[in-house]
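Analysis of the macromolecular model
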Amino acid sequence: MDSGMTQGISPATTLDDGIVATAESCLAAVGAAREAIHGVIFGQEKVVDLALVTILAGGHGLLVGLPGLAKTKLVETLGTVLGLDARRVQFTPDLMPSDILGTEILEEDAERRRAFRFVQGPVFTQLLMADEINRASPRTQSALLQAMQEGHVSVAGARHDLPRPFHVLATQNPIEQEGTYPLPEAQLDRFLLEIDVGYPDRAAERRILIETTGVDEARPRAVMSTEQLLTAQRLVRRLPVGEAVVEAILDLVRAARPDSGDALVKDKLLWGPGPRASQALTLAARARALIEGRVAPSVADVKALAEPVLKHRMALSYTARADGETIEGLIAKLAEKL
């Protein structure tokens, strides 16, 4: 194992025997899970890896892409492969918060005594797919805020804890915006990554044609258990982060702020990422390293994750948009400086 693999936040930080033993078993399990997902989802290797990063880091993901690009299938496959209980909610304008969280109903027993009983909604699952989340009203969208951040919901003043782990993978259609409600910045910031889902290349689409239109279709299989996933999530938080990686994260996030940031972005942004972006980038970099068979992240991981971590935490000024600037372009320029 090279010195870069064991470098921690301080020079004295090294991997102890317990972390090494846990890492060896987790690396094998995560590698098998990654392979199993790629065996079902074709042509979306980067999307699959980013979705895995999101879950291993203990966060939530926003999948942005056109219909028919296997977003729903990806979430179903992740649930099966990772041993998670998965549910799907189709967000519509008439969806109410109680349709997601649950509600209290009045029941009467045999002795005619009445009492309220809480009936859990679909949010009480381990992997929730919020399909077309921007079609629901802001009131319904906000019902997920507490669940995503705190891991519990409050109904009629009573706290109800969600299962562990709990992850939300929400989808958005980037083209059709009629009758939609853009997610507020406070809720966007709760998503660890924004994952762009694009068209597959020709070879991948050919494979999709052949393997999904016949009698036998590839089916996902369980590879990890819930306990194994929780162990991997705990390991991600214990992996050492080198001083160079910490500085790269701070340089990138602080450079992306309109007032005190890099000269490249001054007067081009309405707002930039806060400290939660630094936290997200640190966790995501650790998770990406684990997925790729390493036990410590590198600056290359920071560069690779810059766009999905920062994109939804920044907004262009009107002048910058008129000049043809893009968030992706600004992030790429800032990442090149690391």
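Residues numbered from 1 in each chain as written. Predicted model: local features only at pLDDT ≥ 70, side-chain atom pairs only at ≥ 80, totals over all residues. Heavy atoms only, no water.

Quick look at the overall build of the protein chain
If you tally the helices and strands in the protein chain, you get 14 helices and 11 strands. The C-alpha atoms of the protein chain give a radius of gyration of 21 Å, which matches the 20 Å a tight globule of 338 residues would have. Projecting the C-alpha coordinates of the protein chain onto the three principal axes gives extents of approximately 70 × 50 × 50 Å. Taken across its 338 residues, the protein chain has 48% of its residues classed as buried. A sequence separation of at least 24 residues applies to 76% of the contacts in the protein chain between residues at least 6 apart. Accessible surface for the protein chain amounts to roughly 16,400 Å². Of this, 50% is attributable to carbon and sulfur atoms. If the 37 positive side-chain charges of the protein chain are averaged to one point and the 45 negative ones to another, these points end up 1 Å apart. (Helix = DSSP H or I, 4+ residues; strand = E, 2+ residues; numbered from the N terminus. Rg over C-alpha atoms; globule rule 2.2 N^0.38 Å. Buried < 20%, exposed > 50% of the residue type's maximum accessible area, 1.4 Å probe, protein only. Contact = heavy atoms within 4.5 Å. Areas by Shrake-Rupley, 256 points an atom, 1.4 Å probe, with all protein chains shown as cover. Lys, Arg positive; Asp, Glu negative; His and termini not counted. Charge placed at Lys NZ, Arg CZ, Asp CG, Glu CD.)

Thoughts on the UniProt feature "domain: ChlI/MoxR AAA lid" (unreviewed entry) in the protein chain
According to UniProt, the "domain: ChlI/MoxR AAA lid" (unreviewed entry) feature falls on residues 265–328. End-to-end, the C-alpha atoms of residues 265–328 are 12 Å apart, and along that stretch the chain is 56% helix and 8% strand. (UniProt positions renumbered as here; feature names shortened; annotations may be inferred.)

Considerations on the nonpolar core
Counting residues in hydrophobic clusters, the biggest one holds 72 residues, and the most contacted among them are Leu74, Leu78 and Leu82. Excluding its chain neighbours within four sequence positions, the residues that come into contact with Leu78 are Ile37, Ala51, Leu52, Ile55, Leu127 and Leu169. Grouped together as the second largest cluster of nonpolar side chains are 27 residues, Leu95, Val123, Phe166 and Ala170 included. (Core = buried A, V, L, I, M, F, W, Y, C linked by side-chain atoms within 4.5 Å.)

Re the packing of helix H12 (residues 299–310) against helix H14 (residues 327–336)
Where H12 contacts H14, the two axes come as close as 10 Å, and the packing angle between them is 145°. Crossing handedness for the pair H12 and H14: right-handed. Residue-level contacts link Lys303, Ala306, Glu307 and Leu310 of H12 to Glu328, Ile331 and Ala335 of H14. Broken down by class, the residue content of the contact of H12 with H14 amounts to 4 nonpolar, no polar and 3 charged. (Axes fitted to C-alpha atoms, helices over the stretch in contact; angles between N-to-C directions. Left-handed = near helix turned anticlockwise from the far one by under 90°. Nonpolar A, V, L, I, M, F, W, Y, C, P; charged D, E, K, R; others polar.)

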